[in-house]
Amino acid sequence: MKYSAGTLARGFRDPWILFALFCILISIGLIILPQLSIFLSSFRNDQGMFSIAHYKTFFTGYRYQTALLNSIKVTLCTTLFATLIAVPLAWLTARFKFRFRNALITLITMATASPPFLGAYAWIILLGRYGAVNRAILWITGIEMKTSFHGGNAVIWVITWMIFPLIFLMSLDSFSDEDIFHKEAAMSLGANRLKSFFHIELPLAMPGILTGMLMAGLAAFADFGTPIIIGGEFPLLPTTVYNEFVSEVGSNMGVASTTGIIMIIISTIALYTQRVVLAQKTYSAVSVKHYQLAAPNRRTCIILVVYILIILIMSFLPHITLGVVSFMKWKYGVLMNQFTLENYQKLFRLQRTPILMTFALGLGSTALTFIFGIGIAYIIVRKRYPFISSFINTIIMIPYVIPGTVLAVGFIMIFNKKPLLLTGTWVILMLSYFIRKLPYSVKSSEASLYSVHRALEEAAMASGARPFRAFKDITLPLMMGGVISGATLSFLQIMTELSSTIILYRPPYVTMPVVIFENAMSSGADFGIAASMGILLLLFVYIPLLLVNKFFRLRIETA
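Residues numbered from 1 in each chain as written. Predicted model: local features only at pLDDT ≥ 70, side-chain atom pairs only at ≥ 80, totals over all residues. Heavy atoms only, no water.

**Looking at the confidence of the model for the protein chain**
Confidence along the protein chain averages 80 in pLDDT terms, with 86% of residues attaining 70 or more. No element of the protein chain has a lower mean pLDDT than helix α1 (residues 5-9), which averages 51, and none a higher one than helix α4 (residues 62-95), which averages 91. Confidence over residues 554-559 falls short of pLDDT 50; this stretch has eight contacts with residues more than four positions distant or in other chains. (pLDDT = per-residue confidence, 0-100. Helix = DSSP H or I, 4+ residues; strand = E, 2+ residues; numbered from the N terminus. Contact = heavy atoms within 4.5 Å.)

Structure, rendered in structure tokens:
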């Protein structure tokens, strides 16, 4: 429903317009002003005068052009491969009843828990030149393999397995929310199962699939941890920004700012394209008769089991590797063939504060993303206030693709002076986590809301319910599956956030990812501490996921 200017002027009695205006204020303070500082920096030369020299440098410099093309290549390839993995698995999970089905959903969500830079290092331990696989080949065949796990193909491989759960979770919710009546009508007119899938089921699931692809593609586009570990001489835009901002040799703040602006422009185009595609059709139904989970036949069961096993093995190999090396002795950065508990003993003796700090920041930031994600999705899909809704929809996704280091520098520029002197405090960390991970909650809630027909809420209001009560009692329960998925994804990403933390943190507000990174990347550091901290971080994520799966998802599916 569209609102005229007069309606909007009278709408201050509507709590949603007040919430929308509050979101705009937050956007101004946490997104626009910090990024405006970065934007202005991109147009200043070394003397502080206006100049477009940095943009000329970016579009004519070979290494910047290479980084741009590499980033586009990695984004397209990883999104395509992740979609091919995730969508068939989501459809099978939404249509068939099999043992450990809910455990599978939880495990795939857990696959996103490992920090990308730590997962990349684990793959090096497995597939690197002196990794476990090459050692095994040498021991079995006597042949010394000289292959190494670095470069563009390695980055694509690691990121693909990192982002496919995003597409899986969004697609699963869309397939699960479909009305079986559409397929039954198609088959009654002569369509077979394959034709009904491509012409009915797949198109109806497009809101979730496209949303998942968007989120996965943007995650791949902005990923910093993986290429910094295994990229080698394969430059990407996020690592270019990091090197230009942080490097003590050859740093160029102006070019780094320019690179960040280019990334924002590209991501905005992707966001706009997704919105245009989804707005062209209606994907909702007034009444919904959900699919009943079917028992697979023998052939389908074999395919299902093999497919699931392959995906789970590839997803959890880094986790298993971390678990093994966390119980092994490291000396001067070299893995020794000796099992020990010393890593965990040192961890609990020396690193208790980062553990408590990470958990507290994770819970607080996730609560904020949960509340604001629901409200913003409702404003975007249902209210559609002139300018306000589209503005919020666009601006709220910008932090998702901004490299964490760039976001952190913008925060420091804005919050490094009175009256908002927040640098060096836990508040600036929580605000950065909240604004960076809010898109997970917004987009997943938005995808679910597209499947809830407006007529259900209007019927409640016609019966005398106030707008907020109609939303609370009718709309919110029906969209809760996507809301829970979004909050879960937000929590996973907040707990493992590194790129912004590495710039913003000051003792004693050290987090677990910082401890992991410092012990994994420093020359001669004790990687045993990094591995043991990584395992503990995964446990902090696994336990809440199990609770969410048991007390929320199962309840939703049986409602």
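**A few points about the packing of helix α8 (residues 152-176) against helix α11 (residues 206-222)**
At their nearest, the axes of α8 and α11 sit 7 Å apart, and the two run at 160° to each other. By the criterion of interaxial angle, the relationship of α8 to α11 is roughly antiparallel. Taken as a pair, α8 and α11 cross one another with a handedness that is right-handed. In contact with I159, I163, L166, I167, M170, S171, S174 and F175 of α8, α11 contributes P207, G208, I209, T211, G212, M213, M215, A216, A219 and A220. Taken together, the residues that form the contact of α8 with α11 break down as 13 nonpolar, five polar and no charged. (Axes fitted to C-alpha atoms, helices over the stretch in contact; angles between N-to-C directions. Parallel < 35°, antiparallel > 145°, perpendicular 65-115°, else oblique. Left-handed = near helix turned anticlockwise from the far one by under 90°. Nonpolar A, V, L, I, M, F, W, Y, C, P; charged D, E, K, R; others polar.)

**Topic: a nonpolar patch on the surface**
Residues F22, L25, I28, L33, L36, F39 and L40 make up a contiguous nonpolar surface patch of about 590 Å² in total accessible area. You can see L25 is positioned in helix α2 (residues 15-42). (Patch = residues over 30% accessible without salt bridge, like charges linked within 9 Å, V, L, I, M, F, W, Y side chains within 5 Å. Areas by Shrake-Rupley, 256 points an atom, 1.4 Å probe, with all protein chains shown as cover. Salt bridge = Lys/Arg side-chain N within 4 Å of Asp/Glu carboxyl O.)

**A short note on the packing of α2 against helix α18 (residues 388-395)**
Packing of α2 against α18 brings their axes to within 10 Å, and their N-to-C directions diverge by 35°. Considering how the two elements wind past one another, α2 and α18 form a crossing that is left-handed. Only I388, F391, I392 and I395 of α18 make contact with α2, whose side of the interface consists of I17, A20, L21, C23, I24, S27, I31 and I32. Counted by class, the contact of α2 with α18 contains eleven nonpolar, one polar and no charged residues.

**Some details on the packing of aromatic side chains**
What characterises a pair of aromatic rings is the spacing of the ring centres plus the angle enclosed by the ring planes. Evaluated as defined, the whole model comprises 18 aromatic pairs. Aromatic side chains F58 and F59 sit 5.1 Å apart centroid to centroid with 85° between the ring planes, which places their arrangement in the edge-to-face category. Residue classification places F59 among the partly exposed positions, given a relative accessible area of 46%. Seen from their ring centres, F411 and F415 are 5.4 Å apart, and the 70° between their planes marks the pair as edge-to-face. A relative accessible area of 0% places F411 in the buried class. Overall, the relative accessible area of 5% leaves F415 in the buried class. (Phe/Tyr/Trp six-rings, centres within 6.5 Å; stacked < 30°, edge-to-face > 60°. Buried < 20%, exposed > 50% of the residue type's maximum accessible area, 1.4 Å probe, protein only.)

**A short note on the nonpolar core**
Side chains that are nonpolar tend, in soluble globular proteins, to be buried together. Core analysis: the biggest nonpolar cluster contains 163 residues, and I163, F168, F175, I230, I376 and F527 have the highest contact counts within it. Here the element with the most residues in this core is α8; it accounts for 16 residues. When we break this core down by domain, the ones giving at least three residues each are domain 1 (61-329) and domain 2 (340-558). (Core = buried A, V, L, I, M, F, W, Y, C linked by side-chain atoms within 4.5 Å. Domains from an automatic or database assignment.)

**A few points about the environment of T66**
Looking at where T66 falls in the secondary structure, it is placed in helix α4. The sequence separation of T66 and F234 amounts to 168 residues, and the corresponding C-alpha distance is 8.5 Å. A polar side-chain atom of T66 sits 2.8 Å from the main-chain carbonyl oxygen of Y62. (Polar contact = N/O pair within 3.5 Å; in protein donor to acceptor, adjacent residues only side chain to side chain.)

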